Every structure is written in structure tokens, then in C-alpha cells.
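# Structural characterization, general
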Amino acid sequence: MKANGNHTIDLHDVKKVYRGKIHALRGIEMQVHRGEIFGLLGPNGAGKSTLVKIMMTVVRPTTVKGTMLGRPIGHKPTLEQVGYLPEHHRMPQYLTGRQVLHFYGALAKVRRAQRNRRCDELLDTVGMSEWANKKISSYSKGMLQRVGLAQALMNDPELVVLDEPTDGVDPVGRRDIRDVLVKLKDQGKTVFLNSHLLSELEMVCDRVAILVQGRVSQFGTIDDLTRESRRYEVVIDGLLPDGVLGSFENARSESLPNGTTQVVLPGTEASDVQPLLDTLRQQKLTIVSVRPMRESLEDLFMRAVMDPTTGKALGVGAASNGTSAKGASA
Amino acid sequence: MTQTAAIFLDAYRELNARKLFWITMILSGLVVAAFALIGINEQGLRVIVWDVPFPLTTELMSETTFYKTMFVSFGIGFWLTWIAAVLALVSTASIIPDFISGGAIDMTLSKPIGRMRLFLTKYLTGLLFVGLQVTVFCVASFLVIGFRGGAWEPGLFLAVPVVVLFFSYLFCVCVLLGLLTRSTIASLMLTLLFWFLIFALHTTEGTLLMVKFTQQQQLENQVSSLKHDREILAAMHEGDSSQENIARHETRIAEREQDIQRAETVKGRLDTAHRITMVVKTALPKTSETVNLLERWLVDAADLEPHDEMDDEFAAYEADPMETAAQQLTDEIRDRSVWWIIGTSMLFQVFVLGLASWIFIRRDF
């Protein structure tokens, strides 16, 4: 069962019902392209981790159609080409970092010679070479994440699935991990990222999906999803004379406390703002700054998880028979 | 193969990291060292270099037989199947709860290895603990018996598979309970309780058997006496005995017939109780009988005197006139087939492991 050659992950109708009443996933439709960094977002209990665990055969789906690397979801041999770092992972405390890589590498069917080579490479990549022969029990949270990432890459996977990879990692470590992800993308690998850190995702993800109560609420590139919110903010010195914006239908202005005025003009291209700049110059106004703006991923996320009728965040947890309930992990 | 080797290597490292593994290993070494330090001579016991007067001398038993008997009676019968087995359970009870704990199981299940294979391999790694312990103990005992007793008995190594088999009966239960409760303490306590229950069942069955044989003996004696009384009565009728004597004798016969009837009723009940016990016992693992098999085999393989646990348990019975019943009991237990002992125990194990595997395969983690 080969899927579309461009899709590393092609999910249809993924449902998971826990104990017959907690609907963790309610028919997920999602495609992840080959060679992209894909971000999965959602509030607690949205079903993110359940979806990842279904892909990694840790949780059995109630229904699933679709493929991963061209094979049906749940096909164990496919996992030879997949690397996975779970959230809150726990590695054997009695092993050293190097032994952990060897152990999980061997479980992923990586031959000894290749393991020896990959071990040194990856420990160096994640900056853990000096700690390679120390026991895992002596590692900090950040170090565990680094070694966890390295073990996920031992089998030189085509697809890397990372659940909260930067959890507990300091800013330097986060940057290092981001660099690794970008390098993987450059090598043509696909990265599936599940994270709460929206700013992190925004920096690296090509496309994102936002899960809310077991359903895909938003799906696409960040540019596509924020297209409607794209605008230019022009700041001028002093007040804006009346009637200047008359020919700019959607433009609006606002006086700022520091004696300047901000003019906001919806638009996606630089050419969209040129007529406004020409008009302001004709009026001999001093242009302080011109900035292209768009909605941040956080804004997008908040919009997705807000109930438009009540203005409050949608209930935490997977929905149970249409109502929200705690119970499923996310 | 790479995966299986990795799991076993990891299990060895895990054992290696456990203090209890090394404590048990050191204690095993001390037990064997104690064997080596004790010997017998013509005056009695010899402890290191000191002679201690003791009834057991080389006139009664050769030094070789002394060491072999020590190995079977104390080393296997007491140390490996009781103390070391409890320590092994304590050490291995956490294997499954740790394995399925959140964060750890995800890392393993996401690898290209089937759940059934993963689970059964993990189960086998638990047996590795006991396998290593018993092997080290047997090698040390083999050397002690060889050097001190002057006899090199490879038959002693039969203890390795037998003790591992015995432990596997308990460990499969521990694994199932660990999977269900996810708790090391709960699975350990419940396994020890299970062990106690099958030991109690074994003792109950032995006691019932002993009482049944005793009752059988008494019944046979009463039937024999009745026959004798009837012959006397017939002679009395033919002779010139008074009617009063005949009447008294007839009353005695009638009483004896009632006693026999009562004894048959009791025997019938005992038979039923024993049959029920045996049915329950057949369905459960037979730990004591499995270890006793080792003694049975070592009698042939290593030329040892049998030491039967039941002999000890019913020593009091042997001392009284019901020696025949005690002998019948010993023979009955010894005559039980290996296939009944191991086969039914293995069936139990297959059932428990099958159930545990099924749960493991279907569970969401």
C-alpha cells in the first residue's frame, strides 16, 4: 500500500476512543510532506501525544487509514526508518550515554559497526561527547534531551518524530536542537515536531497543524494561515492630518503616546504599501518606520483554541461525547 | 538477533547495577564456602582445622557422599529453592513495572520489534538472574565436591535447568501481576502469597494422602480382624461355647462391622477431598515436586541418597506404627510422572504467559 510519493505521513480518519467514552481523536486528516519540518500544536488534552503514539505503535487506534513512509500505520518494520523521542522519556539510569545510543540503536536494528560510527557522530552533534561515558543518572534534563535526540537519530531515519524535544533545555540547547532539525531538513529528512513552544515552532516549521479537542482546527503553512492578518505598520512623526487616508479604504491610524502616529494598512506585498508612503511624503510627513507585520503563531494558536461564542479557551482535555473532559494525554 | 542480544545485554547491565544481585551472589559464595570449610572425619565434623565430636563420621558416610548430600539437602533444598528464590523474586519483581512505566515503554515500543517478542524476551531476561545465580553456585559446589570430596560430578549441573524451571513458575505469575498492577511491591507480595498458597496446597495434599493411607491401613486391619472374628464365631458354633459367649462375640462382630462401615465412609470422604486437591494441584505449578525431581535425578546421576521433603514433613508418622502408610506416601510421591509434574506446570506457565502477552499486546501505553 504505497501512498502519495510526496507524503511521508498521510493520515485519514484517525480516531481513538479511550474506555469507550473519551474521544481523544475524532477523525484526523493530515499530510506531512517529504523533507519538511512539520509542527503539531494544540492545548493540553487535544490529542497530540495520542496521535504521535498511534504513529509509533505505542497506542492502538480505534480506526486509522493512511500511511507512514508508504506503509500502513502500525507496520512495525517501517519503524526501522523512523526515529522517535517521546515526551517525558525515561532512559535506563544504569547506562551511560554511549550505552543508551547502542541499546536503542540495536533495537532499531542498526548494525554494530554503524552504531559505533553513529554514536561518536551524534554525541558530537548534540554536544555530549564529553559526557558519553557518564551514567545517565548524572545527567541534567537538558542533557537527557540531547541524548534522547541522539538516540532518535541512531538509525539515520527518514522520519524523525519529536515530542517536546526542547522541554527543559536552556536557550543555547534549544538553538542547538533547532540547528540539528534544520540540518536534518537539509539532508532531505522529514521532521514531525510536537511542541508547546510556539516561538520555537515558528522559527523552524514549514507547516503546522493545530489540534483542538481531537480535531484538526488549522492546517497549512504559517504564511497561509496568517495571510489574512498580514499588514504594514507605518509610523510617522506627529499627528496625521485629516483626510490623508481617504483613498485607503482599509487603512486605520492610531496616535501613540510618544507623539507619533501609527498607520496600519492590510497587505501582503511591499507594493501594497508604496501608494501610502507616496501620499505621506507628499504631505511632508516624516516616516519613522515601515514594518511588514503578520499574526504570530501564538496569536493564531490562541484564535484556534478560543471559543468564538464565549471568548474563552475551549475546555482542556479530550472531549467525551461532545463535551470536554480530562483523561487523555496530549 | 541484534535486538535480542541488546535486550539481554541490557538485562545483564541492569542486574549488574542492582546491589541485591551482588549481595545474593556473595551470599551464594558464602554458602559454598561454608560447605568447603566443613568436612567429616572419623571423629565427627571438622570445621576448618578444628575437630568437633559429632555422631556423623566417615564410618557412617564417605566424605564425597557428605558433600553431595549437603549440596542437595541444604544447597538446593534450602538455599536455592527458598532463600535465593525469594531474593531473586525481590530482585526481578521490578522488571515489568519498570519496563512498562511511562516514558520508558514508549522508547522501546516505537522500535521495529514485535510486542510479543519484546515481552517474552523481557520475561526471559528475568530468568537470567536465577540462571546466573544457580550456575555460579553449581560451579562453586562442583569444585568444592571435586577438591574436598574427591568426586567430580557433572550431574550437579542438572540443578541449573531445574531451579530455573522452578523459578519460572513463580516469575510468570510475578510478570502477570506486575503488568496488571504496574507496582513492584504489589506484584512481589501477591507472588509470595501465591507461592505460599501452592505450598499450602502441596502440604494439604500430602497430609490428605498420609491420612488416606493410614485410614486404608486401619481399614485393612479391621477387615482382617473381622474375618478372624467370623472364623472364631464359626468355630464357636461348631464347638460347645455357651450361648452367652456366642452372643457377646456376635455383638463384637456387629460393632466391628459398624466400625468398618464408618471407616469406609471416612475413606470415601478422604478420597473425594484428595481427588479435589489433586485436580486443583494439577492446574497449578508444582514447585516442590519440581525441586524434588532434581533429587530424584541426582540419585541416579550423582549417586546421591534421596532427601525427600515429605520424609521430613512426616517424620513423626514414620516413627509411629503407621510406617507402612508413610512408605506408601513416599512411594506415591516418587512415582508421580515427570510429565505430570513438569508438563502441567508448564501448561500453567504457558497459560499465564499467554494471558500476560495478550494483555501486553492489546494495552495502550
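Refer to the structure above for everything that follows.
Remember, predicted model here, so these are calculated numbers, not experimental data.

Each partner contributes to the interface: chain B provides 22 residues, whereas chain A provides 26 residues. The element contributing the most residues to the side of chain B that touches chain A is helix H1 (residues 2-17) of chain B, with seven residues. Counted by class, the side of chain B that touches chain A contains eight nonpolar, eight polar and six charged residues.

We now examine the pairing of strand S10 (residues 215-221) of chain A. Here is the key point about a regular strand: its side chains alternate between the two faces of the sheet. The sheet contact formed by strand S9 (residues 207-212) of chain A and S10(A) spans six bridges and is antiparallel. Bridge pairing links A:Val212 to A:Arg215 in S10(A).

Moving on to the sheet that holds strand S2 (residues 44-47) of chain B. The strands that make up a sheet pair up through hydrogen bonds in the backbone, lying either parallel or antiparallel. Residue and element names in this part refer to chain B. Spatially, the three strands line up as an open sheet ordered S1-S2-S3, and their pairing is antiparallel. Of all strands in the sheet, those bounded by a partner on one side alone are strand S1 (38-40) and strand S3 (50-53). Neighbour-to-neighbour, the strand axes of the sheet open up by a mean angle of 30 degrees, direction not taken into account. Relative to S3, S2 runs antiparallel, the two being bridged by four bridges. Counterpart to Leu-45 in the pairing with S3 is Val-52.

Residues and elements named next belong to chain A. The mixed open sheet is built from six strands, whose spatial order is S6-S7-S8-S3-S9-S10. Of all the strands in the sheet, just strand S6 (82-85) and S10 have a single pairing partner and so form its edges. Within this sheet the neighbouring strands show an average axis-to-axis angle of 15 degrees, counted without direction. Relative to strand S7 (residues 159-163), S6 runs parallel, the two being bridged by four bridges. Residue Tyr-84 lies in a different strand from S7, and its bridge partner there is Val-161. Packing of helix H1 (residues 48-55) onto the sheet brings it into contact with strand S3 (37-41), S7, strand S8 (190-194) and S9, and relative to S7 it is tilted by some 145 degrees. Of the strands in this sheet, S6 and S7 touch helix H4 (residues 141-152), which is tilted by about 165 degrees from S6.

Reading guide: rules and limits
Residues numbered from 1 in each chain as written. Chains lettered and ligands numbered in written order. Predicted model: local features only at pLDDT ≥ 70, side-chain atom pairs only at ≥ 80, totals over all residues. Contact = placed C-beta atoms within 7 Å. Helix = DSSP H or I, 4+ residues; strand = E, 2+ residues; numbered from the N terminus. Nonpolar A, V, L, I, M, F, W, Y, C, P; charged D, E, K, R; others polar. Pairing = 2+ DSSP bridges. Axes fitted to C-alpha atoms, helices over the stretch in contact; angles between N-to-C directions.

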